[in-house]
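# Overview (structure and organization)
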Amino acid sequence: MEVKVRPAIPADVPRISELIASNARKGGLLPRSDANIRASLRNILVVEMALGESSNGDDASKSPVVVGCGSLVPMSTALVELRSLAVDETVRSAGIGRRIVEELVRLARERNFGTIFALTRATHFFEKCGFAITPKENFPEKVFRDCVACPMLSNCDEVAVTIQLSSEGMVIPAGLPRLGVREKLIPVEVVQNMIETEGARNVNIVREPVTKVVLAYSGGLDTACAVPWLRETYGSEVICFVANVGQGWDFEAIRKRALDSGASKCIVEDLRDEFANEYCFPLVQSGAIYENKYLLGASIVRPLMARHQVDIANWEMADAVAHAATGKGNDQVRFELSYMALNPRLRVIAPWREWNLRGRDDAIAYARAHNVPVSQTLGSIYSGDHSLWHRSFEGGSLEDPWREPDEELYRTTASPEEAPDQPEYVEISFVCGIPKRINGATLGGAALIETLNALGAKHGVGRSDLVENRLVGMKSHSVYEAPGGTILRAAHQGVEELTLDRETLHYKQIVALKYAELLYGGLWFTPLRDAIQAFITVTQRDVTGTARIKLYKGGAILVGRQAAYSLYREDLATFSHEDVYNQKDAEGFIRLYGLPVFVKALVDRSRAAAASDADESPS
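### Thoughts on empty space enclosed by the protein
According to the stated counting rule, one finds 1 cavity of 30 Å³ or more in the structure shown. Every residue lining the largest cavity is listed: L283, V284, G287, A288, L295, W389, G485, R489, H492 and Q493. A per-element tally of the lining of the largest cavity places helix 14 (residues 483-499) first, with 4 residues. Classifying every residue of the lining of the largest cavity by side-chain character gives 5 nonpolar, 4 polar and 1 charged.

Following this line, the structure appears as C-alpha cells:
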C-alpha cells in the first residue's frame, strides 16, 4: 500500500473540506470554509493513497485518494500552530497521522519556526510524536488570535501541546518547551479580555472586487507580503512597479522575487536622472530642509514613484494602485495625495491599514508562510529607505532616543573617527542654481550626485540623527545619510551668498520653510508648490558660479565662492584705505533708520517723567 505525502492543490479542496468537516462533527476540529482552505493551500499537506481494489484485482490500477490532511498556521515569526489534522476513518491506526505530523514538523523547520503548537484531545498521539503538554498559564498570546472568538472557548477541554525546534532544526527532547525564551506569555484569565478585540478584528469585511492593481514594489518585507495578500484578499491581478532611483539593488533579483510571489508582471524603470534633475536639483535651489536636519529624501522620491505608478495603471487599465506604507508613517500620505492629484478615479489600497498583521514580526511570519524570501529578521528589524539622495533607518534600537545609534546603521558614510586625516577639496559649479560641474568636469544629474556621494561618504559627511515630528502627529527617531546632498546644500548657499540681494535672500529663507513643509507633507502636486517653485526659479537667474568645499572628518565646510554676477564689492567691503565709500554717510542713515527707536524713547521718557511728577505732588 503506497502512501504519498504532498502539498495540497486546488483539486484537493473538496476532499480536505470533507475530512475536516467529518472530524469537526465529532468535536475534534473547528469547521473551515472552502474559501478559507483555498487561501491556505500553500500551508496544507495531504496524504494520498490507493483505497480498495480494482475490478480485476490489479493494485496498480487503484485510484489514489486523499486520506488525510494537516496544516501550519503561522502565529508569529517564532510560533506556528499545527491545525486541521484529519484522517479518514477507514485508514485509522495505519500511521497516516504520524506521517502528516512528521512532514509538518519538517516544513516548520524549513521555514525557521522555533515552536510548533497544537490544541488537541489526542494528547497520547502527540506525545508519541515528540510533543509535550503545556500548562495553560504558559500559552503564548498570539495563539488566541484565531480562537478567542470561538463560543466554546470558556468550555474548551482541549489540551495544548508543543514541540520546540532548535536553530539546527533538531527536535529538543521531551520536557516542558521553553516557550518563554521566544514568545510573550499571557495568563489564561487575560484571554476573555481579548475576545471582543479579536472578534472585532476578525469580522468579515466585504470588499469590492479589484480586477487589476499596480503595486509600488521594493522587494522588501512589506511589499513582499503585499503581493500574496492582494491576490488572496481581492482576487486581483497584481502588477509590481519598481523605481530605480539609485538604490543600487539587484533589480533582476527583485523582478524574479515579485513574479515568484504571484505578480503577473514586474515593471522596472530607471528614473535616476529624472529624479536628480526634476526633484533633487529643484530641492537644492529652494534651500529647503525639514527641522534643520532632514534633507527630505523620501519626501521627494514618493511623488516621482507615484507619478510613474499612475502612468502604468493608466496604460495597463488597472482599477487600483497600492502601496505598502504603514498607517503610522508619512509615506502613506505622500503616495495617496499624489495618486489623488494625478488620477482621482483610481482606487487606493493600503494593506497595512487593512490586514491583521500588527507588526513586522507578524509580517515576517506571513512571508515565511507564503514562501516569500525576505532579509529582515527579529534581530535586525529596522525600516529603511534608500535612494540616490539619501539613506535612512528607523525602528529597532532607534526607538530609544537616548541610545546612540549603532554604527552598523550608517551603511554609506565612514565614521568621522575613521575618515581620512587629510582634508579633500571639491569645487562645484552652478548655472542658474543647478549644479553642472565637479572640479571642472561636466556631469549628468545622477552621475553628479553619485560622485559627491562617494566623496562625502569617504570623509564621513552627511550623517544626521533626528527626532522628527511626523505629519501624522507622533515623533519618530531616525538616522539619515545624505553626503552628496549635504555638500550641494553648502555649495549652493555659498554661491547664493554672493548673488542674491538681502531682501530676496531673507524672504527666500522664509519660503524655504514652507516649501519643506509642503514636500514633507506630500503636497508636491499642488498649486502652491508650483507657485513657490516659480518664485524659486526667478531667484536663481543669477545664481551662476562656483563654490569650494573642504571635506574633513564629517564636515562639508564652505571655504571659497565666486560668481559671474556677484553683488560682493571688495572696494566697498574693505577695511583698508578706499575712496568709494564715504563713512560719514552712515551718520545720516543711522539717524533715519533709528528714527522710530528715537521717537519711542522720547515718549517713554515723557511718560516716566509725568508719572514721577504725579507721585511727588501733594495729595
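Further notes follow.
### Some remarks on the pairing of strand 14 (residues 391-394)
Looking at chain direction, strand 13 (residues 383-386) and strand 14 are connected through 4 bridges and run antiparallel. The residue bridging G384 from the neighbouring strand is F393, located in strand 14. Here strand 13 folds back onto strand 14, and the loop between the two strands holds 4 residues. Inspection of the sheet shows strand 14 paired to strand 19 (residues 475-481) by 4 bridges, in the antiparallel sense. Within the sheet, the bridge partner assigned to R391 lies in strand 19 and is E481.

### A look at the nonpolar core
Grouped together as the largest cluster of nonpolar side chains are 72 residues, with contacts concentrated most on F275, W389 and L488. Other than its neighbours up to four places away in sequence, L488 contacts F281, V284, W389, I428, F430, P435, L448, I449 and L452. With 31 residues, the next largest nonpolar core counts V210, A320, A322 and Y366 among its residues.

### A look at helix 7 (residues 221-234)
Here helix 7 spans 20 Å end to end across 14 residues, near enough to the 20 Å set by a 1.5 Å rise per residue. Of all the bends in helix 7, the largest measures some 25 degrees and sits at P228. Considered for burial, the residues of helix 7 that qualify are L221, D222, T223, A224, C225, A226, V227, P228, W229, L230 and Y234. Where helix 7 ends, the next residue or the one after it, G235, has phi of about 60 degrees, a positive value.

### A short note on the sheet that holds strand 18 (residues 463-469)
The 4 strands are arranged 13-14-19-18 in an open sheet whose pairing can be described as antiparallel. Of all the strands in the sheet, just strand 13 and strand 18 have a single pairing partner and so form its edges. Taking each pair of neighbouring strands and ignoring which way they run, the sheet shows an average axis angle of 20 degrees. Two elements, strand 18 and strand 19, share 7 bridges in a ladder whose sense is antiparallel. The residue bridging L466 from the neighbouring strand is S478, located in strand 19.

### Observations concerning the packing of helix 9 (residues 272-286) against helix 10 (residues 297-316)
Describing two packed helices takes the angle between their axes plus the distance from one axis to the other. Between helix 9 and helix 10, whose axes approach to 10 Å, the crossing angle comes to 145 degrees. As for how helix 9 packs across helix 10, the hand of that crossing is right-handed. Mapping the contact onto sequence places E274, F275, E278, Y279, C280 and L283 in helix 9 and I300, V301, P303, L304, R307 and H308 in helix 10. The residue makeup of the contact of helix 9 with helix 10, split by class, is 8 nonpolar, 1 polar and 3 charged.

### A word on a nonpolar patch on the surface
Residues L595, F598, V599, L602 and V603 make up a contiguous nonpolar surface patch of about 450 Å² in total accessible area. Assignment of secondary structure puts L595 in helix 19 (residues 595-616). Take L595: its relative accessible area is 45%, and that puts it in the partly exposed class.

### Side note on the sheet that holds strand 12 (residues 347-349)
Overall, parallel pairing links the 5 strands, which are arranged 10-9-8-11-12 in an open sheet. Each edge of the open sheet carries a strand with a single partner, namely strand 10 (265-270) and strand 12. Sheet twist, expressed as the average angle between the axes of neighbouring strands with direction ignored, equals 25 degrees. Relative to strand 9 (residues 237-244), strand 8 (residues 212-216) runs parallel, the two sharing 5 bridges. Note on strand 9: the bridge partner recorded for A216 is F241.

### Focus: the side chain of K212
Within the secondary structure, K212 is located in strand 8. Although buried, K212 forms no salt bridge, and the nearest oppositely charged side chain, E316, lies 4.0 Å from it. Here the side chain of K212 touches E316 through a polar contact of 3.0 Å, landing on its backbone oxygen. Excluding residues that lie within four positions of it along the chain, K212 makes contacts with S236, E237, I239, E316, A318, D319 and A320.

### Some thoughts on unusual backbone geometry
In this structure, N292 is a non-glycine residue whose phi angle is positive, near 70 degrees. Residue position: N292 is located in the loop between helix 9 and helix 10. Given the relative accessible area of 71%, N292 is considered exposed. Notably, C432 is not glycine yet its phi reads approximately 55 degrees, a positive angle. Among the structural elements, C432 can be located in the loop between strand 15 (424-431) and strand 16 (434-438). C432 gets classed as partly exposed once you look at its relative accessible area, which sits at 35%.

### Quick look at the packing of aromatic side chains
In this structure the tally under the stated criterion is 14 aromatic pairs. With a centroid separation of 5.7 Å and an interplanar angle of 85 degrees, the aromatic rings of W229 and W355 are classed as edge-to-face. A residue pair is termed long-range when its members are at least 10 positions apart, and W229 in helix 7 and W355 in the loop between strand 12 and helix 12 (360-369) qualify at 126 residues. On the basis of an interplanar angle of 45 degrees and a centroid distance of 6.4 Å, the ring pair of W355 and Y366 is categorised as tilted. In this pair, W355 sits in the loop between strand 12 and helix 12 while Y366 sits in helix 12, placing the two residues 11 residues apart along the sequence. Here W355 matches Y366 in class, with each residue buried. Here the aromatic residues W229, Y234, W352, W355 and Y366 are joined through ring pairs into a cluster of three or more. A cation over a ring is seen here: R334 above Y520, with NZ or CZ 4.9 Å from the ring centre.

Conventions used here
- Residues numbered from 1 in each chain as written.
- Predicted model: local features only at pLDDT ≥ 70, side-chain atom pairs only at ≥ 80, totals over all residues.
- Heavy atoms only, no water.
- 1 Å grid on protein atoms, 1.4 Å probe; cavity = no way out; pocket = protein on both sides within 12 Å on 5 of 7 lines; lining within 4 Å.
- Points joined across faces, edges and corners; volume = space filled by probe spheres on them.
- Helix = DSSP H or I, 4+ residues; strand = E, 2+ residues; numbered from the N terminus.
- Nonpolar A, V, L, I, M, F, W, Y, C, P; charged D, E, K, R; others polar.
- Pairing = 2+ DSSP bridges.
- Core = buried A, V, L, I, M, F, W, Y, C linked by side-chain atoms within 4.5 Å.
- Buried < 20%, exposed > 50% of the residue type's maximum accessible area, 1.4 Å probe, protein only.
- Contact = heavy atoms within 4.5 Å.
- Expected span 1.5 Å × (residues − 1).
- Bend = angle between axes of the 7 residues up to and from the residue.
- Axes fitted to C-alpha atoms, helices over the stretch in contact; angles between N-to-C directions.
- Left-handed = near helix turned anticlockwise from the far one by under 90°.
- Patch = residues over 30% accessible without salt bridge, like charges linked within 9 Å, V, L, I, M, F, W, Y side chains within 5 Å.
- Areas by Shrake-Rupley, 256 points an atom, 1.4 Å probe, with all protein chains shown as cover.
- Salt bridge = Lys/Arg side-chain N within 4 Å of Asp/Glu carboxyl O.
- Lys, Arg positive; Asp, Glu negative; His and termini not counted.
- Polar contact = N/O pair within 3.5 Å; in protein donor to acceptor, adjacent residues only side chain to side chain.
- Phe/Tyr/Trp six-rings, centres within 6.5 Å; stacked < 30°, edge-to-face > 60°.
- Lys NZ or Arg CZ within 6 Å of the ring centre and 35° of its normal.

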